[in-house]
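An overview of the molecular structure
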Amino acid sequence: MPELPDRRLLLVHAHPDDESINNGATMAKYTAEGARVTLITCTLGELGEVIPPELRHLTGAALGAHRLGELTAAMRELGVADFRLLGGKGRYGDSGMMGLADNDDPACLWQADVDAAAGTLAEVILEVRPQVLVTYDPDGGYGHPDHIQAHRIAMRAAELAADAGWEIPKIYWNRVPRAVADAAFARLREDLPGLPFGKSAAVDDVPGVVDDARITTVIDGTAHAAAKAAAMRAHATQIEVAEPYFALSNELAQPLFTTEYYELVRGEAGAETESDLFAGLAPGQATREAS
Ligand SMILES: [Zn+2]
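Numbers given to residues run from 1 along each chain, matching the order in which its sequence is written. Totals for whole chains, interfaces and linings use every residue, but because this is a predicted model, local features are given only for residues with pLDDT of at least 70 and side-chain atom pairs only at 80 or more, for both listing and counting. Excluded from the side-chain calculations are hydrogens and water; all other atoms, namely the structure's heavy atoms, are used.

1. Description of the side chain of His13
Short version of the rule: The helix and strand labels rest on DSSP assignments: H or I over at least four residues marks a helix, E over at least two residues marks a strand, and numbering proceeds from the N terminus. Throughout, exposure labels follow a simple rule: accessible area from a 1.4 Å probe, protein chains only, divided by the maximum for the residue type, with under 20% read as buried, over 50% as exposed, and the rest as partly exposed. Here, residues are in contact when the closest pair of their heavy atoms is within 4.5 Å.
Along the chain, the position of His13 falls in strand S1 (residues 8-13). Note on His13: relative accessible area 0%, which makes it buried. Ignoring sequence-local partners within four residues, the contact set of His13 consists of Asp18, Glu19, Asn22, Asn23, Leu39, Ile40, Thr41, Cys42, Tyr136, Ala150 and Asn174.

Quick look at the structure:
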């Protein structure tokens with residue numbers, strides 16, 4: 001068995017760009033600190049709407065290939081060497097937004113057998129042996145079928161891996177505290193006239209917003225703000241960045257959060273409000289082989 005770094009973080013996301021928007025600062029922080037960061041992306045986002053007019057000819061597999069290039073560039077910005085597509089490139093297709101006929105395509109992630117996909121992810125967990133798993137809440141943060149399915153696959157894979165010998169000590173869901181979102185949108189509305197975006201999104205457009213009391217963990221990404229913004233810019237078909245704001249293809253401005261927030265849903269918190277996803281892990285737990 002090859003030597004693994006002491007601290008290992010696994011993130012499970014639906015499409016290229018989700019990782020940089022949700023966790024870019026966190027990923028940059030932990031790679032800078034020498035932790036192993038592994039990203040699993042479930043689909044190539046072949047159904048994403050393309051922002052730059054000169055790239056709008058890209059659709060389907062051609063868009064997927066282009067977005068893999070964007071993901072590769074983003075991971076370079078964040079220092080992440082280990083990023084993989086669940087089941088290999090093209091194994092699961094983008095399902096599109098909820099309610100579209102695309103959801104019925106048997107090749108799409110929404111139609112995937114959760115246990116089978118989780119089995120594939122469990123193999124990665126047994127290889128990497130992460131102490132921390134980060135994924136979405138049961139609603140996928142905002143109801144997108146691929147995000148819901150990524151949540152189901154990640155949580156089921158953690159169970160399967162535990163049965164097979166590696167129980168992930170801590171599992172987190174991506175969150176944004178409501179008070180932080182409210183304050184950021186208030187600033188955004190003041191700044192809007194100077195921004196290249198016509199309108200503001202609403203707090204409800206931000207995935208994972210919950211009451212502040214549910215936040216267990218705050219990762220201060222100030223030192224990695226530039227890396228996060230660069231990673232988001234690398235996803236140029238999907239994101240337009242004007243720091244400290246950005247917009248998706250709907251052109252609605254949103255805050256670009258460089259402090260990232262989490263809710264611990266499995267495992268013991270290391271402090272009342274954690275500032276480290278690995279907080280509270282016993283020294284031996286970092287390298288322990290589960291029996
Ligand atoms: Zn997504």
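Still to come is the rest of the account.
2. Observations concerning helix H1 (residues 18-32)
How we decide: To estimate the expected span of a helix, subtract one from its residue number and multiply by 1.5 Å. The quantity called bend is, for any residue, the angle between two axes fitted respectively to the seven residues ending at it and the seven beginning at it.
Here H1 contains 15 residues, and its C-alpha end-to-end distance of 20 Å stays within 8% of the 21 Å for a straight helix at 1.5 Å per residue. The largest bend along H1 measures about 75° and falls at Gly24. Burial analysis of H1 places 13 of its 15 residues in the buried class, the great majority of the element. Where H1 terminates, the next one or two residues include Gly34, which has phi positive at roughly 90°.

3. Quick notes on the coordination of the zinc ion
Defined as follows: Only nitrogen, oxygen and sulfur atoms within 2.8 Å of the metal, or 3.2 Å for Na, K and Ca, are treated as donors, and water is left out, so sites may look incomplete. All geometry calls rest on donor angles, where a four-donor set with angles between 85 and 135 degrees is tetrahedral, four- and six-donor sets with opposite donors more than 155 degrees apart and all others between 65 and 115 are square planar and octahedral, and all else is irregular.
Protein-derived ligands of the zinc ion are His15 (ND1), Asp18 (OD), Asp18 (OD) and His147 (NE2), with the metal-ligand distances lying across 2.1 to 2.6 Å. Around the zinc ion, the four donor atoms are arranged such that angles at the metal cover 54 to 144°; this shape is classified as irregular. The exposure class assigned to Asp18 is buried, which follows from its relative accessible area of 7%.

4. A few points about unusual backbone geometry
In the segment running from Glu243 into Pro244, the intervening peptide bond is cis, with an omega of 0°. The topology assignment puts Pro244 in the loop between strand S9 (240-242) and strand S10 (245-247). The phi dihedral of Glu251 is positive, around 60°, even though this residue is not glycine.

5. Digging into the pattern of salt bridges
Put simply, the rule reads: Any Lys or Arg side-chain nitrogen found within 4 Å of a carboxyl oxygen on Asp or Glu counts as a salt bridge.
In this structure the tally under the stated criterion is 17 salt bridges. With a closest N to O distance of 3.3 Å, Arg214 and Glu263 form a salt bridge. A residue pair is termed long-range when its members are at least 10 positions apart, and Arg214 in the loop between strand S7 (209-210) and strand S8 (217-220) and Glu263 in strand S12 (residues 259-266) qualify at 49 residues. By relative accessible area, Glu263 is classed as buried at 10%. Between Glu243 and Arg233 there is a salt bridge, with the nearest N and O atoms lying 3.4 Å from each other. Of this pair, Glu243 sits in the loop between S9 and S10 while Arg233 sits in helix H6 (residues 225-234), placing them ten residues apart in sequence. One connected set of salt bridges, linked through shared partners, spans Arg7, Lys29, Glu33 and Asp276.

6. Side note on the sheet that holds strand S6 (residues 199-200)
Basically, it comes down to this: Think of it this way: DSSP has to see at least two bridges between two strands before they count as a pair.
In spatial order, the strands read S6-S11-S10-S9; together these four strands make up an open sheet with mixed pairing. In this open sheet, the two edge strands, each paired with only one partner strand, are S6 and S9. Sheet analysis places S10 next to strand S11 (residues 252-255), joined by three bridges and oriented antiparallel. Bridge pairing links Tyr245 to Pro255 in S11.

7. Details of the environment of Leu188
As for its placement among the helices and strands, Leu188 is situated in helix H5 (residues 178-191). Beyond its immediate stretch of four places on either side in the chain, Leu188 contacts Ser200, Tyr245, Ala253, Gln254 and Pro255.

8. Here we look at the nonpolar core
What counts, and what does not: The definition of a nonpolar core used throughout is a set of buried Ala, Val, Leu, Ile, Met, Phe, Trp, Tyr and Cys residues joined through side-chain atoms within 4.5 Å.
Ranked by internal contacts, the top residues of the largest apolar core, which has 29 residues, are Val12, Leu86, Leu121, Ile125 and Leu133. Among the elements of the structure, S1, helix H3 (114-128), helix H4 (145-163) and strand S5 (170-177) are those that each provide at least two residues to this core. Ignoring anything within four residues of it in the chain, the contact list for Ile125 reads Leu10, Pro130, Ala157, Ala158, Ala161, Trp166 and Ile168. Ala35, Ala227, Leu264 and Leu281 belong to the second-largest nonpolar core, a separate cluster that totals 28 residues.

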